[in-house]
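# Fold and geometry: a report
One letter stands for each residue in the lines below.
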Amino acid sequence: ATECFDGTVDLPASIPYGCYRLRLERGLAVVDTRLNVHPQRVTINQEGRNGEVVAADGRALAALSVPFGKPFTVRVVPSHGFTFSGVRIRYGYKLNADRLLHGTPQYVEQVIPRSAFKSNGVGTIPAELVRGDIVVEGIFVSK
């Protein structure tokens, strides 16, 4: 499966945050999914060259704490001589490590196109992408 199960499950307090493979069996049916063990708040950062992505209110996306599972509004600010064609969102856990841990995806990447943003560069990261820590990368191109 590619998406995490976000239901409520009682787990030991010591289990690290991340996505875990979960196998459910009922009769002859077997369903594999992922269990998303997460905090109430996640961290959002930005990467990129030739511009930056900031919070809608201008705060830097440098270890900014945001609520898990809630939409978050950003503003794309290209450097002089550049525009942007969208933003790449990487969300989940262990964002700078291998994507797979024991065969279980730990993060997902998705591009939000320029058409999803207003003319002033303001757009919203949808709630379904705020499912773990986030790195936002502006896709900047020369004018």
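Keep in mind it's a predicted model, so treat the numbers as computed, not measured.

### Concerning the packing of aromatic side chains
Within a pair of aromatic rings, the relevant descriptors are the distance that separates the centres and the angle that separates the planes. One pass over the full model with this rule turns up one aromatic pair. Plain terms: the ring middles of Phe84 and Phe117 are 5.3 Å apart, the flat faces sit at 90° to each other, and that makes the pair edge-to-face. One end of the pair, Phe84, is in strand β8 (residues 82-92); the other, Phe117, is in the loop between β11 (107-113) and β12 (122-125), with 33 residues separating them in the sequence. Accessibility expressed as a relative area gives 8% for Phe117, which makes it buried.

### Description of the nonpolar core
Membership of the largest hydrophobic core comes to 26 residues, with the highest contact counts inside it found for Ile44, Leu61, Phe72, Val87, Ile89, Ile125 and Val136. Ranked by residues supplied to this core, first place goes to β8 with four residues. Residues in contact with Leu61, not counting those within four places in the same chain, are Ile44, Asn45, Gln46, Val53, Val54, Ala55, Phe72, Val74 and Val136.

### What about the sheet that holds β12?
Strand order in the open sheet formed by three strands is β5-β7-β12, with antiparallel pairing between adjacent strands. Looking at strand neighbours, the two that pair on one side only are β5 (51-55) and β12, the edges of this open sheet. The average angle at which neighbouring strand axes cross in this sheet is 35°, direction not considered. In terms of strand pairing, β5 meets strand β7 (residues 72-78) through five bridges, oriented antiparallel. Bridge pairing links Val53 to Val76 in β7.

### Some points on the pairing of strand β3 (residues 29-37)
Judged from the nine bridges that link them, strand β2 (residues 18-26) and β3 form a sheet pairing that is antiparallel. Looking at the pairing, Arg26 lines up with Ala29 of β3. Linkage of β2 to β3, two consecutive antiparallel strands, is achieved through a turn of two residues, within which Gly27 is found at a positive phi near 65°.

### A closer look at the sheet that holds strand β13 (residues 133-142)
Spatially, β6-β4-β13-β8-β11 is the arrangement adopted by the five strands of the open sheet, whose pairing is mixed. Two strands lie at the open edges of the sheet, namely β6 (64-67) and β11, each paired on one side alone. On average, adjacent strands in this sheet sit at an angle of 30° to one another, irrespective of strand direction. Note: β8 against β13, ten bridges, orientation antiparallel. What sits directly across from Thr83, in β13, is Val141.

What counts, and where the lines are drawn
- Residues numbered from 1 in each chain as written.
- Predicted model: local features only at pLDDT ≥ 70, side-chain atom pairs only at ≥ 80, totals over all residues.
- Heavy atoms only, no water.
- Phe/Tyr/Trp six-rings, centres within 6.5 Å; stacked < 30°, edge-to-face > 60°.
- Helix = DSSP H or I, 4+ residues; strand = E, 2+ residues; numbered from the N terminus.
- Buried < 20%, exposed > 50% of the residue type's maximum accessible area, 1.4 Å probe, protein only.
- Core = buried A, V, L, I, M, F, W, Y, C linked by side-chain atoms within 4.5 Å.
- Contact = heavy atoms within 4.5 Å.
- Pairing = 2+ DSSP bridges.
- Axes fitted to C-alpha atoms, helices over the stretch in contact; angles between N-to-C directions.

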